[in-house]
Amino acid sequence: ANLIKMQNQIEANATSEYERLLHALIEKYKNLGLVLHTKILTGPVDMEIEDFAGEDHSDLIVMGKRGLSPGKRFLVGSTTKKVLATAPCSVLIVKE
């Protein structure tokens, strides 16, 4: 029970931090005339991105080239490859 409670707290803290970062990005770019949509999703990352982009009728998905985990830092991320292959719209991959 304590492990589940700890996991829930970690997820809540992470979600709060993601929301803060996304809000900062929206504020930074809102004056450029872009319509930006953000949503924090949980589940298989590639499928969640594809579903969100399709449901939102997105024109573009912007993703990083690599994952952040230590084992994936030197490769094009497997999630990026999956989204590229099946995305319902264009995908822009950025290095950093």
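About the thresholds
- Residues numbered from 1 in each chain as written.
- Predicted model: local features only at pLDDT ≥ 70, side-chain atom pairs only at ≥ 80, totals over all residues.
- Heavy atoms only, no water.
- Helix = DSSP H or I, 4+ residues; strand = E, 2+ residues; numbered from the N terminus.
- Buried < 20%, exposed > 50% of the residue type's maximum accessible area, 1.4 Å probe, protein only.
- Pairing = 2+ DSSP bridges.
- Patch = residues over 30% accessible without salt bridge, like charges linked within 9 Å, V, L, I, M, F, W, Y side chains within 5 Å.
- Areas by Shrake-Rupley, 256 points an atom, 1.4 Å probe, with all protein chains shown as cover.
- Salt bridge = Lys/Arg side-chain N within 4 Å of Asp/Glu carboxyl O.

Residues other than glycine seldom take positive phi values, yet His57 does so here, at roughly 55 degrees. Looking at the secondary structure, you find His57 in the loop between helix H2 (45–55) and strand S1 (60–64). On the accessibility criterion, His57 (67% relative accessible area) is exposed.

Burial along S1 is one-sided: Ile61 and Met63 are buried, and none of Leu60, Val62 and Gly64, which face the opposite way, are. Direction of pairing for S1 relative to strand S2 (residues 90–94): parallel, over a ladder of five bridges. For Leu60, the partnering residue across the bridge sits in S2 and is Ser90.

Together, Leu25, Tyr29, Leu32, Leu34 and Leu36 make up an exposed nonpolar region whose accessible area comes to about 460 Å². Counting through the fold element by element, Leu36 comes out in the loop between helix H1 (2–29) and H2.

With that settled, consider the pattern of salt bridges. According to the stated counting rule, one finds two salt bridges in the structure shown. Arg20 is paired through a salt bridge with Glu17; the nearest N and O atoms lie 2.5 Å apart. Here Arg20 pairs with Glu17, and both are found in helix H1, just three residues apart, close to one helical turn. Overall, the relative accessible area of 33% leaves Glu17 in the partly exposed class. With a closest N to O distance of 3.0 Å, Glu27 and Lys30 form a salt bridge. Since its relative accessible area comes to 36%, Glu27 is described here as partly exposed.

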